[in-house]
Amino acid sequence: MTGYWIWITKLELVKTLLTLIPFPVISTYDYQLADLILDHSTEVQANDHVMVQLIGLNGINLLRALVQGVRKRGAHPFVQIEDTEVQRELVEQGNEDFWKIQAKVDQLPLMKQMDVFIGIRASENIYEQSKASKEANKAYSEHFLTPVHFDERVNNTRWCIMRYPSPAFAMNAKLPTREFTQFYYDACLVDYGQLKKAMEPLEKRLREADQVHLKGEGTDIVLSVKGQNWIPCYGRHNIPDGELFSSPIIDSVQGVITYAPSVYQGKPFEFVTLEVKDGVVIDFDSSNNDALRDILDTDQGSRRFGEFSFGTNPIISSPMYDILFDEKIFGSNHLTLGKDYELAPNGNSSTIHWDLVCIGADVYLDGELIRKGREYVVEDLKGLNP
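Residues numbered from 1 in each chain as written. Predicted model: local features only at pLDDT ≥ 70, side-chain atom pairs only at ≥ 80, totals over all residues. Heavy atoms only, no water.

1. Topic: the sheet that holds strand β3 (residues 116-121)
Here's step 1: Read from one edge to the other, the open sheet built from five strands follows the order β2-β1-β3-β4-β8, with strand pairing classed as parallel. Looking at strand neighbours, the two that pair on one side only are β2 (76-82) and β8 (238-239), the edges of this open sheet.
Here's step 2: Bridge count between β3 and strand β4 (residues 158-163): six bridges; the pairing is parallel. Pairing of glycine 119 across the sheet is with isoleucine 161, part of β4. (Pairing = 2+ DSSP bridges. Helix = DSSP H or I, 4+ residues; strand = E, 2+ residues; numbered from the N terminus.)

2. Focus: the packing of helix α5 (residues 96-111) against helix α6 (residues 134-156)
Here's step 1: Two elements in contact, α5 and α6, have axes whose closest approach is 8 Å; the angle formed by their N-to-C orientations is 15°. Here α6 runs roughly parallel to α5, going by the angle between their axes. For α5 against α6, the interelement crossing comes out right-handed. Within the contact between the two elements, α5 uses Glu96, Trp99, Lys100, Gln102, Ala103, Gln107, Leu108 and Met111 and α6 uses Ala139, Tyr140, His143, Phe144, Pro147, Val148, His149, Glu152 and Arg153.
Here's step 2: Its residues assigned to classes, the contact of α5 with α6 comprises nine nonpolar, four polar and four charged. (Axes fitted to C-alpha atoms, helices over the stretch in contact; angles between N-to-C directions. Parallel < 35°, antiparallel > 145°, perpendicular 65-115°, else oblique. Left-handed = near helix turned anticlockwise from the far one by under 90°. Contact = heavy atoms within 4.5 Å. Nonpolar A, V, L, I, M, F, W, Y, C, P; charged D, E, K, R; others polar.)

3. Quick look at the confidence of the model for the protein
Here's step 1: For the protein, the mean per-residue pLDDT works out to 93, and 94% of the residues sit at or above 70.
Here's step 2: For the stretch residues 4-8, pLDDT sits under 50, and the model shows zero contacts to residues farther than four places along the chain or on other chains. (pLDDT = per-residue confidence, 0-100.)

4. So, the packing of helix α2 (residues 28-41) against helix α8 (residues 177-188)
Here's step 1: Orientation of α2 relative to α8, taken along the N-to-C sense of each, is 25°, at an axis distance of 11 Å. One element, α2, and the other, α8, form an angle in the roughly parallel class. For the pair α2 and α8, the crossing hand works out as left-handed. Listed contacts from α8 to Tyr29, Asp30, Leu33 and Leu36 of α2 are Gln182, Tyr184, Tyr185 and Cys188.
Here's step 2: When its residues are assigned to classes, the contact of α2 with α8 shows six nonpolar, one polar and one charged.

Laid out in structure tokens, this is it:
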């Protein structure tokens, strides 16, 4: 009998403790973010098929807010929750045949039925896949990521991708968790209508321009954008957002460019410097040259550039090893290795797309200085200064 009463006592203690543990409450910010994504970014309508994908369990409250919002709008959520440790195992152990089957049997048929895709990237370790081999990354990118996401999702759904704050994310930004979380929501919930209006004069100038020249510390590079399409980004596909992108004429890029810290395929780079001739990387230096060499040797298009962009988010000021934030840094540009986008093509094909960011270079359009460091100096572009 003594053992029985001890068990009952323990059971009651557990019940009592459970009542003291607060159930995670969805914050007002998460509801605001969900509404922004559903109404502004993806324009969810009744009867839409909406895939909501969460990678990493940290973003569960935003997932809950999104699922509630999808149902309130009369649409149909299809929920995917992926554990980052399992995903690491799959990438490391997967090969060409494995990813072909994953795409063909599961993800591609499902993606073809979606009207909307919302992806929450909530991993707490950005280096989770750093040990995956060059061959493993190529197999995953070529036979899963490209057909399912680049070809189907990007071109045939209304999609939006975002990160979610965490203590690990705050560490990369070198901020206290509370301060970083507030920064995260401030950056995500900027006035995108105002930002769109501020970008319009720059878009007009770029559509009329031929040569762009970036000049700064470790950077002296020219490229042509003559006749290229320009896409202003104001919260439609990325949260946070704030960029204006196109692609360079493929063989026009000449010179040297130095980039801010970056992480790609789980591998960290404190800096990357590329020497370019006739649009092709001919020499390089970085804090991780073996990994950089593997990336550059992925395929024929991986030493060429598929995107050129201006970052314009007024809240984001410094790199934090996360490209969805870093490529939006005000006063920055990214000249992207690899695949172009169909919206602004230049003919470059590759299984990689690495948005590398150059911060604070002077910018000349056809010889006219329009930005000195990070500050726009011509009158019609001063609305882009924070």
